[in-house]
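Understanding the architecture of this molecule
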Amino acid sequence: MALYQATVSAPVNIACIKYWGKRDTKLILPTNSSLSVTLDQDHLRSTTTSRADPSFDKDRLWLNGKEESIEAGGRLATCISELKRLRAVVEAQNPTAPKLSTYSVHIASRNNFPTAAGLASSASGFAALVASLAALYELPANPSQLSVIARQGSGSACRSLFGGFVAWEMGSAPDGSDSLAVEVAPREHWPDIHALICVVSDDKKGTSSTSGMQRTVETSPLLQHRIAQVVPARMDSIKDAILRRDFPTFARITMQDSNQFHAVALDTEPPIFYLNDVSRAIIAIITEYNRAAGAIKAAYTYDAGPNAVIYAPKENIKEIVELLLRYFPQAQPFPDPFALHVDNQGSIP
Ligand code: PMV
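So, a few notes on the structure that sits alongside this text. Worth saying up front: this structure is predicted, and the values here are computed from it rather than measured.

A closer look at the site of the ligand
- Lining the immediate environment of the ligand, one finds 14 residues, of which Ala15, Tyr19, Ser156, Ser209 and Asp303 sit closest.
- Classifying every residue of the shell around the ligand gives five nonpolar, seven polar and two charged.
- Among the domains, domain 1 (4-189) and domain 2 (193-341) are the pair contributing at least three residues each to the shell around the ligand.

Quick look at the structure:
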């Protein structure tokens, strides 16, 4: 009997221009466009296997070996049913194609980075899930088309369908058909940029991105300024900097946008604090590193949590690690030299 199964892995991405705010919470349409770098470390990926079989009685999903429920009408169910709908189109066009759209699926997903890395796994997780079902169903869809579906699982997941430098264009169509990810430049365009991940805390974040965004959209006047006045120009400038491989401009915009995202979190009622004292210490260390050099040699950025990601040309990474180790002598390389586990045992400058 034929085995209908596909396995695909997808990487983590970290935004330089942050997505924060939904204009449509069901379709996950953002209030602003965003831009990220897909990390190419081999150990920062989600790998997902999907299998369709007529003997399965319902769709089921296992995450790192533990079964998760698929709620009717929820994000997982939406992604699965969208992909089955596209499979049904393939079957209608090709009457000999097996009727996989009518079978239930079993999906098993694993992150190869420790949960303790404190990295959000929803982006790589939903990207791998969508890509594995698309492979199983042999859909004639390109990554941008699949990103429209991954977006409905977790907004930032749409960007993990590409490597390199990726924009999520917010779009304007009410059905979300033009809110999708596009490649700005492939990784090979600028291989010199590296990401150093500083794990500050592996605690689960206090305010989820979903509830945090909703509160910010409802209460923050600064968000309205950000989405109307700031992000559109920043998107243009950072794309241009990437295409010209202009690190100082790329880095300055990345730091400004991280700072504004956390300012918007603070402008929310009640306020949301994602950074802690160690995060702020790392901001001070990188700021001083750049000031002392008289040039921008590194950029920090923080998502909805205290962990830092530092973007820098490869030649500066060793120096930056040594600098951080001076302040945080107990920091452990975790799980390779491009990730440091910085606990709060160190000295905060
Ligand atoms: O896709 P979500 O719901 O996990 O939201 C991600 C939000 C940020 O990580 C803070 C920013 C971004 O663009 O990835």
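Quick notes on the sheet that holds strand S5 (residues 34-38)
- Ordered by their spatial adjacency, four strands build an open sheet running S2-S5-S10-S11, and the pairing between neighbours is antiparallel. Since the sheet does not close on itself, it has two edges, and those belong to strand S2 (13-17) and strand S11 (180-185), each with one partner. Ignoring strand direction, the axes of neighbouring strands in this sheet form an average angle of 35 degrees.
- Examined bridge by bridge, S5 and strand S10 (residues 165-169) share four bridges and lie antiparallel to one another. Looking at S10, one finds that Ser34 is bridged to Trp168.

Some points on the sheet that holds strand S9 (residues 104-111)
- Judged by pairing direction, the sheet is mixed, and its five strands sit side by side in the order S1-S6-S9-S7-S8 without closing on themselves. This sheet does not close on itself; its edge strands, each paired only once, are strand S1 (4-11) and strand S8 (66-68). Pairwise comparison of adjacent strand axes, ignoring direction, gives a mean angle of 20 degrees for this sheet.
- Judged from the eight bridges that link them, S1 and strand S6 (residues 45-53) form a sheet pairing that is antiparallel. Note that in S6 the partner of Gln5 across the bridge is Arg51.
- Helix-sheet contacts for helix H2 (residues 122-136) involve S1, S6 and S9, and the interaxial angle to S1 is about 150 degrees.

Observations regarding the packing of H2 against helix H3 (residues 143-150)
- Between H2 and H3, the shortest axis-to-axis distance is 10 Å and the interhelical angle comes to 120 degrees. Considering the angle they form, H2 stands oblique to H3. The two elements H2 and H3 meet at a crossing, and its hand is right-handed. Listed contacts from H3 to Phe126, Ala127, Val130, Ala131 and Ala134 of H2 are Leu146, Ile149 and Ala150.
- Residue composition of the contact of H2 with H3, by class: eight nonpolar, no polar and no charged.

Quick look at the nonpolar core
- Formed by 90 residues in total, the largest nonpolar core has its most connected members in Ala127, Val130 and Ile310.
- Here this core takes ten residues from H2, the largest share from any one element.
- When residues no more than four places from it in sequence are discounted, the contact partners of Ala127 are Ala10, Ala150, Ala157, Ser160 and Leu161.

Digging into helix H7 (residues 277-293)
- With 17 residues, H7 should reach 24 Å at 1.5 Å per residue; the first-to-last C-alpha distance of 24 Å fits that figure.
- Buried within H7 are the following residues: Val278, Ser279, Ala281, Ile282, Ile285 and Ile286. Here the buried residues of H7 occupy an arc of 160 degrees about the axis, which is enough to place them on one side. Exposed residues on H7 whose side chains face more than 90 degrees from its buried face are Asp277, Glu288 and Arg291.
- On its buried face, H7 sits against strand S12 (193-199), strand S13 (299-302), strand S14 (308-313) and helix H8 (314-327).
- One or two positions beyond H7, positive phi appears at Gly294, with a value near 70 degrees.

Conventions and cut-offs
- Residues numbered from 1 in each chain as written.
- Predicted model: local features only at pLDDT ≥ 70, side-chain atom pairs only at ≥ 80, totals over all residues.
- Near = placed C-beta within 6 Å.
- Nonpolar A, V, L, I, M, F, W, Y, C, P; charged D, E, K, R; others polar.
- Domains from an automatic or database assignment.
- Pairing = 2+ DSSP bridges.
- Helix = DSSP H or I, 4+ residues; strand = E, 2+ residues; numbered from the N terminus.
- Axes fitted to C-alpha atoms, helices over the stretch in contact; angles between N-to-C directions.
- Contact = placed C-beta atoms within 7 Å.
- Parallel < 35°, antiparallel > 145°, perpendicular 65-115°, else oblique.
- Left-handed = near helix turned anticlockwise from the far one by under 90°.
- Core = buried A, V, L, I, M, F, W, Y, C linked by C-beta atoms within 7 Å.
- Buried ≥ 20, exposed ≤ 12 C-beta atoms within 10 Å, placed from the backbone.
- Expected span 1.5 Å × (residues − 1).
- Arc of directions from axis to C-beta.

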